[in-house]
Amino acid sequence: MGEHKDRMLAGELYRDNDPELVAERRRCQELLDTFNATRAGEDTQRRAVLEQLLGAIGEGSWIIPRFQCDYGRLIRLGRNSFLNYDAIILDCAPVTIGDDVSIGPRAQLLTALHPMDDHELRRARWETAAPISIGDNVWLGGGVIVCPGVTIGANTVVGAGSVVTRDLPARVFAAGNPARVIRELSALPAG
């Protein structure tokens, strides 16, 4: 691994124009071009591309095109999880999505960060990244944006259009910009 990829994965400042990172994004984009060009009913072909693209994809999970990501290999998708139309995952850091997760259309999981106070670093295209973790049985409504470094606890629901800037605990309903906990969710009856 090259210096900038090591730095990216360590959450340190790195340059995304590093030739190794550019080559990895190009490989990812070529696989995405193939995936996004599949036709309705070509589920076997879609699955084969996702298995090449992603770091892991659990049994019974699927993604509907269009799908966009940076590297693919940093995304781990659990069992029986679903990403709806137009999902965007900027996976400059690991993105872990648990089992039985439903992600609505046009959701964005964004790990990339740019320097806020150091204008010269930002101008020179330095950036960092922070991982995102989505627990089991989470539902993100349409258009939800999850910001870098956020963890969402199991069985949580995030309302459509929300911007999640901070961690959310398990078993709550959260919504808004920035998202805040609206209420706790009761347990489902057994059976």
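Just so you know, these numbers come straight off a predicted model, no measurement behind them.

**Comments concerning the overall build of the protein chain**
- Check the secondary structure of the protein chain and you find four helices and 20 strands.
- Its C-alpha atoms give the protein chain a radius of gyration of 17 Å, within 12% of the compact-globule value 16 Å for 191 residues.
- Viewed in the frame of its principal axes, the protein chain has a C-alpha envelope of about 55 × 45 × 25 Å.
- The buried share of the protein chain, taken over its 191 residues, is 45%.

**Some thoughts on the packing of helix α2 (residues 19-36) against helix α3 (residues 43-53)**
- Put simply, α2 and α3 touch, their axes get as near as 9 Å, and they point 170° apart. The angle between α2 and α3 places the two elements in the roughly antiparallel class. Between α2 and α3, the contacting residues are R27, C28, L31, L32, T34 and F35 on the first element and R46, V49, L50, Q52 and L53 on the second.
- Counted by class, the contact of α2 with α3 contains seven nonpolar, two polar and two charged residues.

**Re the nonpolar core**
- F67, I97, L140 and I152 are the most contacted members of the largest nonpolar core, which totals 38 residues.
- Elements with a minimum of two residues in this core: α2, α3, β4 (67-69), β5 (75-77), β7 (87-90), β8 (95-97), β13 (132-134) and β18 (163-164).
- Of the residues forming this core, the biggest block, four residues, is contributed by α2.
- Non-local contacts of L140, meaning those with residues more than four positions away in its chain, are made with S102, I103, G104, L109, I134, V146, I152 and V158.
- Ranked by size, the runner-up nonpolar core spans nine residues in total, among them L21, L74, A93 and A129.

**Comments concerning the side chain of D91**
- Note on placement: D91 falls in the loop between β7 and β8.
- For D91, which is buried and forms no salt bridge, the nearest opposite charge comes from R27, at a distance of 8.7 Å.
- Reaching out from D91, the side chain makes a polar contact with the backbone nitrogen of Y71 at a distance of 2.9 Å.
- With sequence-adjacent residues up to four places away left out, D91 is seen in contact with C69, D70, Y71, G72, R73, L74, I75 and T111.

**Things to note about α3**
- By the burial criterion, the buried members of α3 are R46, V49, L50 and L53. Across the axial projection of α3, the buried residues extend over an arc of 100°, all falling on one side.
- Buried residues along α3 sit in contact with α2, β2 (56-57), β3 (62-63) and β4.

**Quick look at the environment of A174**
- Within the fold, A174 resides in strand β19 (residues 172-176).
- For the pair A174 and G159, spaced 15 residues apart in sequence, the C-alpha to C-alpha distance is 6.2 Å.

**Things to note about the pairing of strand β20 (residues 179-184)**
- Pairing analysis gives five bridges linking β19 to β20, with the strands arranged antiparallel. By the bridge assignment, F173 is partnered in β20 with R183.
- The antiparallel hairpin formed by β19 and β20 contains two residues in its connecting segment.

Each value, and the rule that gives it
Residues numbered from 1 in each chain as written. Predicted model: local features only at pLDDT ≥ 70, side-chain atom pairs only at ≥ 80, totals over all residues. Heavy atoms only, no water. Helix = DSSP H or I, 4+ residues; strand = E, 2+ residues; numbered from the N terminus. Rg over C-alpha atoms; globule rule 2.2 N^0.38 Å. Buried < 20%, exposed > 50% of the residue type's maximum accessible area, 1.4 Å probe, protein only. Axes fitted to C-alpha atoms, helices over the stretch in contact; angles between N-to-C directions. Parallel < 35°, antiparallel > 145°, perpendicular 65-115°, else oblique. Contact = heavy atoms within 4.5 Å. Nonpolar A, V, L, I, M, F, W, Y, C, P; charged D, E, K, R; others polar. Core = buried A, V, L, I, M, F, W, Y, C linked by side-chain atoms within 4.5 Å. Lys, Arg positive; Asp, Glu negative; His and termini not counted. Salt bridge = Lys/Arg side-chain N within 4 Å of Asp/Glu carboxyl O. Polar contact = N/O pair within 3.5 Å; in protein donor to acceptor, adjacent residues only side chain to side chain. Arc of directions from axis to C-beta. Pairing = 2+ DSSP bridges.

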